[in-house]
Amino acid sequence: MKLFKKLAAAALAAVLALSMVGCGKANSVNATKQLVLNLIADSAAQGDAEVNNTAAMDGIAQNLLNKAAELYGSKEQNEKSADALLIAASKEDGMGFEAGKTYLVNCAEDYQYKSSLMPNAYKQQFFFMNLMQSSFTVQLTQNGVNVLPGSRINTTKKADVGVAVGKIGDKTYAVVVMMPIK
């Protein structure tokens, strides 16, 4: 559990770092995603773990982000926080989750700070706090989708990871989806 939280925190810290210099164009999204993946890989290597970015996991992260953005504009969805929208999106069909597998989902806003007076270390600390408050576990069972708050994934030595960056409402978020495979 610690490893996944550490990996997710490092990944989302990278998003924050890039958000301070990025201009919001499509190229910055690709650069943000690659930086997140590189930081996750570096952090995993330090913990003797291995992470692999896969198209399937990227697809799940993007599906969740797209569905959350769609739900944001719907009248049926009363709660508009990114966490609530991603949890609701996780319960929808077609997200890409496989039966019998466990997924850890994290998200954080790619907030654009207006003041340069706040040191980067404080910005990252706020980002880490948001990350810890935004994780949930998804399991697809025969009875449907179980969504549990927080991380329910124990330490693992190998995981697949996917990253998506995009808008939910008028804010930009990074969504990281991890699945232990060993």
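Throughout what follows, the structure given in this document is the object of discussion. Nothing here was measured: the structure is a model prediction, and the numbers come from that model.

### With respect to unusual backbone geometry
Residues other than glycine seldom take positive phi values, yet D48 does so here, at roughly 55 degrees. As for its placement among the helices and strands, D48 is situated in the loop between α2 (26-46) and β1 (50-53). Note on D48: relative accessible area 62%, which makes it exposed.

### Structural notes on the packing of aromatic side chains
For the structure shown, the criterion picks out 1 aromatic pair. Between K80 and the ring centre of Y72, over which it is positioned, the NZ or CZ distance is 5.6 Å.

### A short note on the side chain of S74
Inspection of the secondary structure assignment puts S74 in the loop between α3 (55-72) and α4 (82-90). Side-chain polar atoms of S74 contact the backbone oxygen of L71, separated by 2.9 Å.

### Points about the pairing of strand β6 (residues 171-180)
Among the 10 residues in β6, 7 count as buried, and that is most of the element. Bridge count between strand β5 (residues 158-168) and β6: 10 bridges; the pairing is antiparallel. Of the residues in β6, the one forming a bridge with K167 is T172. Adjacent in sequence and paired antiparallel, β5 and β6 are bridged by 2 residues, among which G169 carries a positive phi angle near 70 degrees.

### Here's the deal with the pattern of salt bridges
Enumeration over the complete set of coordinates arrives at 2 salt bridges. Here E70 and K67 are joined by a salt bridge, their closest N and O atoms 3.1 Å apart. Pair noted here: E70 and K67 are both in helix α3, with a separation of 3 residues, about one helical turn. Overall, E70 belongs to the partly exposed group, its relative accessible area being 49%.

Rules and cut-offs
- Residues numbered from 1 in each chain as written.
- Predicted model: local features only at pLDDT ≥ 70, side-chain atom pairs only at ≥ 80, totals over all residues.
- Heavy atoms only, no water.
- Helix = DSSP H or I, 4+ residues; strand = E, 2+ residues; numbered from the N terminus.
- Buried < 20%, exposed > 50% of the residue type's maximum accessible area, 1.4 Å probe, protein only.
- Phe/Tyr/Trp six-rings, centres within 6.5 Å; stacked < 30°, edge-to-face > 60°.
- Lys NZ or Arg CZ within 6 Å of the ring centre and 35° of its normal.
- Polar contact = N/O pair within 3.5 Å; in protein donor to acceptor, adjacent residues only side chain to side chain.
- Pairing = 2+ DSSP bridges.
- Salt bridge = Lys/Arg side-chain N within 4 Å of Asp/Glu carboxyl O.

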